[in-house]
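Letter by letter, the chains look like this.
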Amino acid sequence: KQSLAAEAVDIYAKLAKKHSMTPSEFAIAFCNSRPFVSSTIIGATSLPQLRENIGAFELGWTEEMEEDVDEVFKRYKDPSKV
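Just so you know, these numbers come straight off a predicted model, no measurement behind them.

Draft legend 1. Main features of the overall build of the protein. Broken down by element type, the protein carries four helices and zero strands. Ordered by position from the N terminus, the helices and strands of the protein form the series α-α-α-α. Its C-alpha atoms put the protein at 40 × 30 × 25 Å along the principal axes. Within the span of the protein, comprising 82 residues, buried residues form 23% of the whole. In the protein, 71% of the contacts between residues at least 6 apart in sequence involve partners at least 24 apart. About 5,900 Å² of surface is accessible on the protein, with carbon and sulfur atoms providing 57% of the total. Separation between the mean location of the 10 positive side-chain charges and that of the 13 negative ones in the protein comes to 7 Å.

Draft legend 2. The packing of aromatic side chains, seen in detail. In this structure the tally under the stated criterion is two aromatic pairs. Residues Phe 26 and Trp 61 carry aromatic rings whose centres are separated by 5.0 Å and whose planes lie at 50° to one another, so their mutual orientation is tilted. With Phe 26 in helix α2 (residues 23-32) and Trp 61 in the loop between α3 (47-56) and α4 (63-75), this residue pair connects regions lying 35 residues apart in the sequence. The exposure classification of Phe 26 matches that of Trp 61, with both residues buried. Centre to centre, the rings of Phe 30 and Trp 61 are 5.5 Å apart; their planes meet at 70°, and the pair counts as edge-to-face. Linking Phe 30 in helix α2 with Trp 61 in the loop between α3 and α4, this pair joins segments that are 31 residues apart in sequence. By relative accessible area, Phe 30 is classed as partly exposed at 28%.

Draft legend 3. Structural context of the side chain of Glu 66. Positionally, Glu 66 belongs in helix α4. Non-local contacts of Glu 66, meaning those with residues more than four positions away in its chain, are made with Arg 34 and Trp 61.

Draft legend 4. Focus on a nonpolar patch on the surface. A contiguous nonpolar surface patch, about 310 Å² in accessible area, is contributed by Ile 42, Leu 47, Leu 50 and Ile 54. The residue Ile 42 is located in the loop between α2 and α3 in this model.

Draft legend 5. The arrangement of the environment of Trp 61 in detail. A relative accessible area of 18% places Trp 61 in the buried class. Sequence spacing of Trp 61 and Phe 26 is 35 residues, and the spatial spacing of their C-alpha atoms is 8.8 Å. In this structure, Trp 61 is in contact with Phe 26, Ala 29, Phe 30, Ser 33, Arg 34, Glu 66 and Val 69, ignoring residues within four places of it in sequence. Separated by 2.6 Å, the side chains of Trp 61 and Glu 66 make a polar contact.

Parameters and conventions
- Residues numbered from 1 in each chain as written.
- Predicted model: local features only at pLDDT ≥ 70, side-chain atom pairs only at ≥ 80, totals over all residues.
- Heavy atoms only, no water.
- Helix = DSSP H or I, 4+ residues; strand = E, 2+ residues; numbered from the N terminus.
- Buried < 20%, exposed > 50% of the residue type's maximum accessible area, 1.4 Å probe, protein only.
- Contact = heavy atoms within 4.5 Å.
- Areas by Shrake-Rupley, 256 points an atom, 1.4 Å probe, with all protein chains shown as cover.
- Lys, Arg positive; Asp, Glu negative; His and termini not counted.
- Charge placed at Lys NZ, Arg CZ, Asp CG, Glu CD.
- Phe/Tyr/Trp six-rings, centres within 6.5 Å; stacked < 30°, edge-to-face > 60°.
- Patch = residues over 30% accessible without salt bridge, like charges linked within 9 Å, V, L, I, M, F, W, Y side chains within 5 Å.
- Salt bridge = Lys/Arg side-chain N within 4 Å of Asp/Glu carboxyl O.
- Polar contact = N/O pair within 3.5 Å; in protein donor to acceptor, adjacent residues only side chain to side chain.

Next comes the structure, spelled out in structure tokens:
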């Protein structure tokens, strides 16, 4: 059997688009909204990516975003497994 990771990533990317963000902005905004995360590691390989990543720390995280992520997480708790 195959991993469900690609399917989960596709859904998270669609959520990012729904909220007018790129997938990396969405992921960084999510991490930044967690009070228990003391630092978020970014992986930019170009200046435009670095700008996008840094800018994502200024984006808010809404209750709707939280609910959307919760719904995906319910289905894909560990997408590396089938």
